[in-house]
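Structural overview for review
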Amino acid sequence: MPFWSSGQVEPKRQFRFKVTIAGMPDGAEFYARSATKPSFTVTTSPHKFLNHTFHYPGKVEWNTVTISLVDPVAPDATGNILTILKQSGYNVPANLSEANAFSTIGKANSTAALIRVSIRALDENGDELEEWVLNNPFIVGLQMNEYSYEGEDLSTLDIEFRYDWASYIIPEGRVPGPGGAAEENKRLFTL
């Protein structure tokens, strides 16, 4: 039965979400504008035989996630992201006599600086429906909007994250309902 024929069934809504970037003050929860959900691709290997091509599945590769934030004055989102970049190991080559002047970005420091990145879908009461956790995330890109006298828009920044895989978690107590996920599927791809 289609969900729209019953007043008891509620689809997940695009605007009901919350992100947490634990390495930022307040987890950046209140100034998130949008977030792409984790997605993946499966590579294939073709095998040609006469006039035919047969495809075999290969490796799973998780695609990057982009989270867009408003850049408030306090806490300063741009300053916090740049601090995370520094904690990841990046240093400008200004003073080679400083401690850690020759450090470089490493995965351990990059993931430790972010602590945890998660995206949660919410229901109409603000309760969690599902949670996506990026495992071993690190920043691979930052895009800030431009300054312009022509507009009055809020300043924003888009942060692109790379991660090893995403965990999909259905919170305890949420009943998937008829035809929903089985109990064993409440924590997919988790440690």
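Going by the structure above, here's the rest.
**Regarding the overall build of the chain**
Helix and strand content of the chain: 2 helices and 11 strands. Sequence-ordered secondary structure for the chain, helices as α and strands as β, is β-β-β-β-β-α-α-β-β-β-β-β-β. Of all 191 residues assigned to the chain, the portion counted as buried reaches 30%. Across the chain, contacts joining residues at least 24 apart in sequence account for 59% of those joining residues at least 6 apart. Surface exposure of the chain reaches about 12,900 Å², of which carbon and sulfur atoms provide 54%.

**Considering the nonpolar core**
Within soluble globular proteins, side chains that are nonpolar generally end up buried alongside one another. I21, M24, L69 and F161 are the most contacted members of the largest nonpolar core, which totals 26 residues. Considering every element that reaches this core, the biggest residue donor is strand β5 (residues 65-70), with 4 residues. Excluding anything up to four places from it in sequence, I21 contacts G27, A28, L69, L114, R116, V117, I159 and F161.

**Thoughts on the packing of aromatic side chains**
Tallying each qualifying case throughout the model produces 4 aromatic pairs. Between W62 and Y163 the ring centres are 6.2 Å apart and the planes differ by 55 degrees, which places this aromatic pair in the tilted class. Placement of W62 in strand β4 (residues 52-62) and of Y163 in the loop between β9 (156-162) and β10 (165-169) is noted, with a sequence separation of 101 residues between them. One aromatic cluster is present, built from ring pairs that chain together F40, W62 and Y163.

**Considering helix α2 (residues 107-114)**
Every buried residue belonging to α2 is among S110, T111, A113 and L114, and all of these are buried. An end-on view of α2 places all buried positions within 160 degrees of arc, on one side of the element. Opposite the buried face of α2, by more than 90 degrees, sit the exposed residues A108 and A112. Looking at the buried side of α2, the elements it contacts are β1 (17-21), α1 (77-87), β6 (117-122), β8 (138-144) and β9. Phi for I115, located one or two positions after α2, is positive at around 70 degrees.

**Points about the sheet that holds strand β2 (residues 32-35)**
The strand order β2-β5-β9-β8 describes an open sheet built from 4 strands, whose pairing is antiparallel. At either margin of the open sheet sits one strand with a lone partner, and together these are β2 and β8. If you compare each strand with its neighbour and ignore which way they point, the axes differ by 20 degrees on average. Here β2 runs beside β5; their pairing, made up of 3 bridges, is antiparallel. The residue bridging A35 from the neighbouring strand is I67, located in β5.

How each quantity is defined
- Residues numbered from 1 in each chain as written.
- Predicted model: local features only at pLDDT ≥ 70, side-chain atom pairs only at ≥ 80, totals over all residues.
- Heavy atoms only, no water.
- Helix = DSSP H or I, 4+ residues; strand = E, 2+ residues; numbered from the N terminus.
- Buried < 20%, exposed > 50% of the residue type's maximum accessible area, 1.4 Å probe, protein only.
- Contact = heavy atoms within 4.5 Å.
- Areas by Shrake-Rupley, 256 points an atom, 1.4 Å probe, with all protein chains shown as cover.
- Core = buried A, V, L, I, M, F, W, Y, C linked by side-chain atoms within 4.5 Å.
- Phe/Tyr/Trp six-rings, centres within 6.5 Å; stacked < 30°, edge-to-face > 60°.
- Arc of directions from axis to C-beta.
- Pairing = 2+ DSSP bridges.
- Axes fitted to C-alpha atoms, helices over the stretch in contact; angles between N-to-C directions.

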